[in-house]
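Listed below, chain by chain, are the residues.
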Amino acid sequence: MRKPNILFILTDDQAQWAVGAYGNQDIYTPNMDRLAEEGMIFTQALTCPVCSPSRAMIMTGLYPNKVGIDDWISPEETEGILPGRPTIAEVLKKAGYFTGLIGKWHLGKEEIYHPLNRGFDYFMGFLGGGNNPKDPILEVKGKEKQLTGFTIDIVTQDAIRFIRENKDRPFALFFHTREPHMPYTPTPSEDMAHYINKKLKVPEVENFPTEELQERYRGYYASISSIDRNIGYLLEELDNLGLRNNTIVIFMGDNGYMIGHHGLETKGNAWYIGTKIRRPNMFEYSILVPLIIRWPEVIEKGSICNEMISSLDFFPTFIDILKLTGVEISEDLKLDGISIMPLLQGKSLELHKEIYLLYDMHHGAEAHMRMLRTEEQKLILHYEDESKHEFYNLKEDPGEEKNIFNREDIKEIQNDFTSKIRKWQKEIGDTIS
C-alpha cells in the first residue's frame with residue numbers, strides 16, 4: 001500500500017449535534033454531510049470534555065495525566081506536552097511525511113512545546129486557546145502578524161497552498177480551526193445568511209430569554225457553516241489535484257458542547273447559562289464529538305460505526321496505517337488507545353467494551369472527575385466532593401436527566417464500576433484519590 005496523505009480537520013467546541021449528518025435539520029453543513037456520505041460516520045466517539053487535554057490525547061495517544069496537561073492551558077500557564085512523550089507528528093515525520101499544523105495548537109506556548117519542536121515541519125496559526133474570528137494575530141513564518149479578514153478564510157487559503165506545494169510527496173496536514181469557539185461572531189455574511197429570520201430548534205431553558213438563545217444558536221451555527229464552506233474548498237482542491245482517493249480526511253470536534261442543554265453553556269467546565277455558576281461535568285453532550293473519516297481506498301461509502309471509540313485511538317491507528325505501507329516503527333510506543341483500523345475496513349469487533357476518561361478542572365472551579373462508560377451505563381466519580389457522584393442508565397435515560405447514584409437496584413454494578421475505575425487509575429499512574 002502506498003502512503004496515504006492525511007488531512008486532519010479538528011474544530012474547536014463543535015458539538016456532535018451541530019452537524020447535519022447527525023440529524024440536525026437546522027444547520028447548513030453540506031460538506032461535512034458529504035464526507036459522511038463518502039466515508040464513515042462514528043456515533044460514539046468520546047474524548048475529554050475540554051480542549052487542551054483532548055488535543056493532547058489525540059496528539060500523544062496517552063491520557064492527559066501522563067503528558068502534563070490536566071485542564072485547558074490559560075495564557076498565564078507555561079505547561080505543555082511533556083518532553084519525551086512522542087507525538088503523532090514526530091512519528092509521521094520520521095516515516096517520511098511532510099507535516100504541517102495550520103490553526104490552533106493550544107498544547108504549550110513555550111519554545112520547547114512549539115509545534116516546530118514537536119514534529120511539525122510547518123506551522124502557521126496561534127499557540128494559545130483563542131483568537132478573534134476576524135482580523136486575527138497569527139504566527140506566519142515564525143513571526144506574529146496582524147492579518148486582515150475572517151480567520152477561517154485566512155487559514156484555509158494557507159492550507160490550500162500547503163496541499164498544492166506538497167502534492168507530490170506524502171503529507172500530513174493538521175488543520176485546526178478556531179471556530180466555532182466563542183465569540184461565534186462576526187462571521188462572513190454568506191454563512192450567517194442561512195439563519196437570518198429563521199426559527200431554530202433550541203432547548204427549553206427556564207428563566208432564560210428564548211430570543212437570546214436563538215441569537216446564540218444563529219451565531220454558533222453560522223460559525224460552523226463558515227468552517228463547512230471552507231472544508232468544501234479543501235475537498236475541491238484534493239479533487240483537482242487528483243489526491244482524493246489517496247488522502248485520509250478526518251473531521252472531528254475537539255470536545256462536545258452545550259447551549260442550553262441541562263441548562264448549561266459550553267463544555268466540561270460549563271456554567272449555568274446566563275450565570276457565572278459553574279457545573280463541572282462529563283455529560284454526553286460534553287464528551288461525545290462528531291467524527292467522520294473518508295478514505296476511498298479503504299472505507300466503504302456511507303458507512304456507520306456505532307462502536308465506542310476514544311480520541312486515544314488515533315495514534316495507534318496511524319501506526320497501523322504506517323505498518324501497512326511498509327514502515328517499520330522502531331520506538332517502543334506504549335499507547336493507551338486501540339487501533340480502529342479494523343473498523344475502517346468494515347469489521348465489527350467491539351474494540352472497546354468500556355471507555356475511561358478523566359478531567360481535572362482548576363479554571364473557574366475545582367473538580368477531579370473519573371468516568372467509566374459502557375454502551376448502556378456511566379459512572380462519574382467526583383473526587384473533589386463525593387456527594388456529587390453520578391450514575392446514569394444511558395439506555396433508559398439517554399439525556400442523563402436522572403442521576404441514580406446509590407439507588408438500591410444498581411449498587412452492585414455501581415460498586416463494580418467503582419472498583420474498575422480505581423484499578424484503571426493505578427494502571428495509568430493517576431494520583432487523584
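Residues numbered from 1 in each chain as written. Predicted model: local features only at pLDDT ≥ 70, side-chain atom pairs only at ≥ 80, totals over all residues. Heavy atoms only, no water.

Engineer: Before we move on, can you summarise the overall build of the protein with the specific residues and values?
Structural biologist: Within the protein one finds 11 helices and 17 strands. Taking 433 residues into account, the globule formula puts the C-alpha radius of gyration at 22 Å, and the protein, at 21 Å, falls close to it. Looking at the protein as a whole, 61% of its 433 residues are labelled buried. Put simply, 67% of the contacts in the protein that link residues at least 6 apart link residues at least 24 apart. Here the protein has roughly 17500 Å² of accessible surface; of this, 48% comes from carbon and sulfur atoms. Each charge class in the protein was averaged separately, 49 positive and 66 negative side chains, and the resulting centres sit 3 Å apart. (Helix = DSSP H or I, 4+ residues; strand = E, 2+ residues; numbered from the N terminus. Rg over C-alpha atoms; globule rule 2.2 N^0.38 Å. Buried < 20%, exposed > 50% of the residue type's maximum accessible area, 1.4 Å probe, protein only. Contact = heavy atoms within 4.5 Å. Areas by Shrake-Rupley, 256 points an atom, 1.4 Å probe, with all protein chains shown as cover. Lys, Arg positive; Asp, Glu negative; His and termini not counted. Charge placed at Lys NZ, Arg CZ, Asp CG, Glu CD.)

Engineer: Go over the pairing of strand β8 (residues 247-253) with me, naming the residues and quoting the values.
Structural biologist: Remember that side chains alternate between the two faces of the sheet whenever the strand is regular. With respect to burial, β8 is a largely interior element, 7 of its 7 residues being buried. Side chains Thr247, Val249, Phe251 and Gly253 of β8 all project onto a buried face; the interleaved residues Ile248, Ile250 and Met252 project onto the opposite face, where all are buried too. Strand direction decides the pairing type here: strand β1 (residues 5-11) and β8, joined by 7 bridges, are parallel. Paired with Leu10 across the strands is Met252, a residue of β8. Where β8 lies against strand β12 (residues 288-294), 4 bridges are found, and the strand directions are antiparallel. When the bridges of β12 are listed, Phe251 appears paired with Ile292. (Pairing = 2+ DSSP bridges.)

Engineer: Let's hear about the sheet that holds strand β16 (residues 377-382): which residues, and what values?
Structural biologist: Taking strand neighbours across the sheet as the criterion, the 4 strands line up as β14-β15-β16-β17 in an open arrangement whose pairing is antiparallel. This sheet does not close on itself; its edge strands, each paired only once, are β14 (355-361) and β17 (390-393). In this sheet, neighbouring strand axes are inclined to one another by 10 degrees on average, regardless of whether the strands run parallel or antiparallel. Examined bridge by bridge, β14 and strand β15 (residues 367-373) share 7 bridges and lie antiparallel to one another. Looking at β15, one finds that Ile355 is bridged to Arg373. Across the sheet, helix α11 (residues 411-427) is in contact with β14, β15, β16 and β17; its angle to β16 comes to roughly 60 degrees. (Axes fitted to C-alpha atoms, helices over the stretch in contact; angles between N-to-C directions.)

Engineer: With reference to specific residues and values, describe the sheet that holds strand β10 (residues 264-266).
Structural biologist: The sheet built from 3 strands is open, its strands ordered β9-β10-β11 with antiparallel pairing. Looking at strand neighbours, the two that pair on one side only are β9 (258-259) and β11 (271-272), the edges of this open sheet. Sheet analysis places β9 next to β10, joined by 2 bridges and oriented antiparallel. Following the sheet pairing, Met258 is matched in β10 by Thr266.

Engineer: Give a description of the pairing of strand β3 (residues 98-104) that names residues and reports values.
Structural biologist: Of all 7 residues that make up β3, 6 are buried, and the element is covered over most of its length. With 6 bridges connecting them, β3 and strand β7 (residues 171-176) associate as parallel partners. Opposite Gly103, over in β7, you have His176 as the bridge partner. Where β3 meets strand β4 (residues 122-126), 5 bridges bridge the pair, whose relative direction is parallel. Among the inter-strand pairings, Leu101 is bridged to a residue of β4, identified as Phe123.

Engineer: Tell me what's going on with the side chain of Asp313, and back it up with residues and numbers.
Structural biologist: Summarising the element assignment, Asp313 is placed in the loop between β13 (303-310) and α9 (314-324). No salt bridge forms around the buried Asp313; measuring N to O, its nearest opposite-charge neighbour Arg373 is 12 Å away. At a separation of 2.9 Å, a polar atom in the side chain of Asp313 contacts the side chain of His352. Those residues within four positions of Asp313 in sequence are excluded, and the remaining contacts are Gly337, Ile338, Ser339, Ile340 and His352. (Salt bridge = Lys/Arg side-chain N within 4 Å of Asp/Glu carboxyl O. Polar contact = N/O pair within 3.5 Å; in protein donor to acceptor, adjacent residues only side chain to side chain.)

Engineer: Could you give an account of the nonpolar core, with specific residues and numbers?
Structural biologist: Membership of the largest hydrophobic core comes to 53 residues, with the highest contact counts inside it found for Ile102, Met124, Phe175, Tyr220 and Ile259. At the level of elements, β1, α1 (30-38), β4, β5 (137-140), α5 (151-165), β7, α7 (210-240) and β8 are the ones that each hand at least two residues to this core. In terms of residue count, α7 provides more of this core than any other element does, 11 residues in total. Ignoring anything within four residues of it in the chain, the contact list for Ile102 reads Tyr122, Met124, Val155, Asp158, Ala159, Phe162, Leu173, Phe174, Phe175 and His176. Trp105, Met252, Phe314 and Phe315 belong to the second-largest nonpolar core, a separate cluster that totals 49 residues. (Core = buried A, V, L, I, M, F, W, Y, C linked by side-chain atoms within 4.5 Å.)

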